[in-house]
Amino acid sequence: MAIEVRIPTILRTYTDGEKAVEGTGATLAELFADLETRHAGIQARIVDDSGDLRRFVNVYLNDEDVRFLKGISTELGDGDSVTILPAVAGGMR
């Protein structure tokens, strides 16, 4: 079951500069664990110590925010696309 994962610039040091990588897993949690086996250190940047998504990391499954689905337990299917985006903070003056 191949899943495309789009990697933001800030995390590409873990993927040797790759903008997208493939992974497998029935859930996001399994996918991130799978990515960790080939891209050491990336999982800790996405998931916190309690196993939840980090507060300032947004994850989208086929353009849908997983926080409005099942979060880290969101189920995945073959051919899905996962996008990881760092949250942007700030405002206008």
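Because the structure is predicted, anything quoted here is derived from the model rather than measured.

Criteria and cut-off values
- Residues numbered from 1 in each chain as written.
- Predicted model: local features only at pLDDT ≥ 70, side-chain atom pairs only at ≥ 80, totals over all residues.
- Heavy atoms only, no water.
- Helix = DSSP H or I, 4+ residues; strand = E, 2+ residues; numbered from the N terminus.
- Rg over C-alpha atoms; globule rule 2.2 N^0.38 Å.
- Contact = heavy atoms within 4.5 Å.
- Buried < 20%, exposed > 50% of the residue type's maximum accessible area, 1.4 Å probe, protein only.
- Polar contact = N/O pair within 3.5 Å; in protein donor to acceptor, adjacent residues only side chain to side chain.

Caption draft 1: Highlighting the overall build of the protein chain. For the protein chain, the helix and strand inventory stands at two helices and five strands. Counting from the amino terminus, helix and strand elements in the protein chain follow one another as β-β-α-α-β-β-β. Here the C-alpha atoms of the protein chain give a radius of gyration of 13 Å, agreeing with the 12 Å that 2.2 N^0.38 yields for 93 residues. Once the C-alpha set of the protein chain is aligned to its principal axes, its extents read approximately 45 × 30 × 25 Å. Restricting the contact set of the protein chain to residue pairs at least 6 apart, pairs at least 24 apart contribute 48%.

Caption draft 2: Geometry of unusual backbone geometry. Despite not being glycine, aspartate 16 has its phi angle at roughly 55°, a positive value. Its place among the elements puts aspartate 16 in the loop between β1 (3–6) and β2 (20–23). Look at aspartate 16 and you get exposed, because its relative accessible area is 73%. Even without glycine at this site, aspartate 63 takes up a positive phi of about 75°. Within the secondary structure, aspartate 63 sits in the loop between β3 (57–61) and β4 (64–65).

Caption draft 3: Highlighting the side chain of aspartate 34. Residue position: aspartate 34 is located in helix α1 (residues 28–38). Side-chain polar atoms of aspartate 34 contact the side chain of arginine 38, separated by 2.9 Å. Ignoring any residue separated from it by four or fewer positions in sequence, one finds aspartate 34 in contact with Gly23 and Thr24.

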